[in-house]
Amino acid sequence: MTPQKYTVADISFEVSFPERFTSELMFRYEPFINAEARPDFRLEVSEIENIQTVCVGDFIDKYNDEPPYLWLYRNNEEYICGFSLNESSPSCYLIGNSLYLKSNLSFREAETCITNSIMLLYTKYSSVKGNLMIHASTISYRDKAYIFLGKSGTGKSTHSRLWLENIKGCSLLNGDNPVVRVEEGGVYVYGSPWSGKTHCYKNEKHRLGGIVRLSQEPQNSITKLGIVQSYASFMPSCSNVRWDKNSSEATSKTIEKVILEVPCFHLGCLPDREAAELCCNTITR
């Protein structure tokens, strides 16, 4: 196995995995390599022939309406997670900081298991240090970053593309999972190795200038949200290890800090240039 160290939004981790995954799977992590890092957590990946021999304890629930699917088990006081691209059964088990993969998995299935295990551990260990992993698309513009939230299919990526096409001077920071971090100087958003289909893996940060939840509407309109509305709008897009008390409580506290510092908006929009211009002119004032 080849261990490698990475740092994402000031949280460091080390991953050890079989050689066959080295080049194809880990290229997205290359901008985040930090050989001198002191890891906040580690993940060791192993392949086993018969995954049914892994003791996972009592089944609790299965999450997600679409792949990747997440299974949760409990063995005494330890929670165990399973991931896969199919609904029938897990293709791997994450036990503590060890990931056990079926040895005959396709590369795509193995990539799903490894990536989601790293993201889950990252969420757990980074949340207690003021970090939030967000399901969102993020644009950087004039030294600040702006986050676009919404349910799958709402048009987050489309709205980001409209900014890129029509707002001079902006660029994509991350297309799927940026990291928000509360620091002494304010709230910042970082790029990450997890960017969905956009292949945008930037190791940089910008001050967070605004948060926008999108919905598809017959005409364009934008509204600034109050504190309670902001919490309700922002919270569902924040990754949360709900079964870990310390992580879950820390996530809630960080969400509160973010919405007290950063303005939140609701944008009802069409997929057109005018929506991007209306949004930009409003939230960048």
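Owing to the predicted nature of the structure, the values given are computational and were not obtained by experimental measurement.

Conventions we followed
- Residues numbered from 1 in each chain as written.
- Predicted model: local features only at pLDDT ≥ 70, side-chain atom pairs only at ≥ 80, totals over all residues.
- Heavy atoms only, no water.
- Buried < 20%, exposed > 50% of the residue type's maximum accessible area, 1.4 Å probe, protein only.
- Helix = DSSP H or I, 4+ residues; strand = E, 2+ residues; numbered from the N terminus.
- Contact = heavy atoms within 4.5 Å.
- Phe/Tyr/Trp six-rings, centres within 6.5 Å; stacked < 30°, edge-to-face > 60°.
- Lys NZ or Arg CZ within 6 Å of the ring centre and 35° of its normal.
- Core = buried A, V, L, I, M, F, W, Y, C linked by side-chain atoms within 4.5 Å.
- Pairing = 2+ DSSP bridges.
- Salt bridge = Lys/Arg side-chain N within 4 Å of Asp/Glu carboxyl O.
- Axes fitted to C-alpha atoms, helices over the stretch in contact; angles between N-to-C directions.
- Parallel < 35°, antiparallel > 145°, perpendicular 65-115°, else oblique.
- Left-handed = near helix turned anticlockwise from the far one by under 90°.
- Nonpolar A, V, L, I, M, F, W, Y, C, P; charged D, E, K, R; others polar.
- pLDDT = per-residue confidence, 0-100.

(A) Up close: helix α6 (residues 273-283). Listed as buried for α6 are Ala275, Ala276, Cys279, Cys280, Thr282 and Ile283. As for α6, its buried residues are in contact with β10 (137-141), β11 (144-149), α3 (156-166), β15 (205-216), β16 (221-224) and β17 (264-269).

(B) Spotlight on the packing of aromatic side chains. Per the stated rule, a full pass over the model turns up 16 aromatic pairs. Seen in terms of ring centroids, Phe41 and Tyr125 are 5.3 Å apart; in terms of plane orientation they differ by 15°. Their pairing is stacked. Taken as a pair, Phe41 in strand β3 (residues 41-48) and Tyr125 in helix α2 (residues 107-127) lie far apart in primary sequence, 84 residues in all. You can call Phe41 buried: its relative accessible area is 3%. A relative accessible area of 26% places Tyr125 in the partly exposed class. Ring geometry for Phe148 and Trp163: centres 5.4 Å apart, planes at 55°, overall tilted. Linking Phe148 in strand β11 with Trp163 in helix α3, this pair joins segments that are 15 residues apart in sequence. Residues Phe148 and Trp163 agree in their burial class; the two are buried. One aromatic cluster is present, formed by Tyr6, Phe13, Tyr29, Phe41, Tyr122, Tyr125 and Trp194 through successive ring pairs. The ring of Tyr69 carries Lys62 above its face, with NZ or CZ at 5.3 Å from the centroid. Cation over ring: Lys205 sits above Tyr188, and NZ or CZ is 4.5 Å from the ring centre.

(C) Just the nonpolar core, in detail. Phe13, Leu101, Tyr122 and Trp194 are the most contacted members of the largest nonpolar core, which totals 39 residues. In terms of residue count, α2 provides more of this core than any other element does, eight residues in total. Ignoring sequence-local partners within four residues, the contact set of Phe13 consists of Gln4, Lys5, Tyr6, Val8, Tyr29, Pro39, Phe41, Ile118, Tyr122 and Trp194.

(D) Structural context of the pairing of strand β4 (residues 58-63). With five bridges joining them, β4 and strand β5 (residues 69-75) adopt antiparallel strand pairing. From the neighbouring strand, Asp61 faces β5, where its bridge partner is Leu72. In this structure, the hairpin formed by β4 and β5 is closed by a connection of five residues, where Asn64 is found at a positive phi of approximately 85°.

(E) Focus on unusual backbone geometry. Between Pro67 and Pro68 the backbone carries a cis peptide bond, its omega angle lying at 0°. As for its position among the elements, Pro68 is in the loop between β4 and β5. The residue Ala9 is not glycine, and still its phi comes out positive at about 50°. Note that Ala9 resides in the loop between β1 (2-8) and β2 (11-17). Taking relative accessible area as the criterion, Ala9 reaches 4% and is therefore assigned buried.

(F) Region of interest: the pattern of salt bridges. The full count for this structure, using the stated rule, is eleven salt bridges. In this structure, the salt-bridge partner of Asp40 is Lys129, at a minimum N-O distance of 2.5 Å. You can see Asp40 sitting in the loop between α1 (22-26) and β3 and its partner Lys129 sitting in the loop between α2 and β9 (131-133), a full 89 residues away along the chain. Between Glu274 and Arg273 there is a salt bridge, with its nearest N and O atoms 3.0 Å apart.

(G) Expanded view of the packing of α2 against helix α5 (residues 245-261). Two numbers describe how α2 lies on α5: the axes approach to 8 Å, and their chain directions differ by 70°. Here α2 is positioned roughly perpendicular relative to α5, judged by the angle of their axes. Judged by the twist between their axes, the crossing of α2 over α5 is left-handed. Residues Thr123, Lys124 and Ser127 of α2 pack against Ser247, Ala250, Thr251 and Thr254 of α5. The class makeup of the residues in the contact of α2 with α5 is one nonpolar, five polar and one charged.

(H) View of the confidence of the model for the protein chain. With 98% of its residues at a pLDDT of at least 70, the protein chain reaches an overall mean of 93. Within the protein chain, the element-level pLDDT minimum falls on α1, averaging 70, and the maximum on β11, averaging 98.

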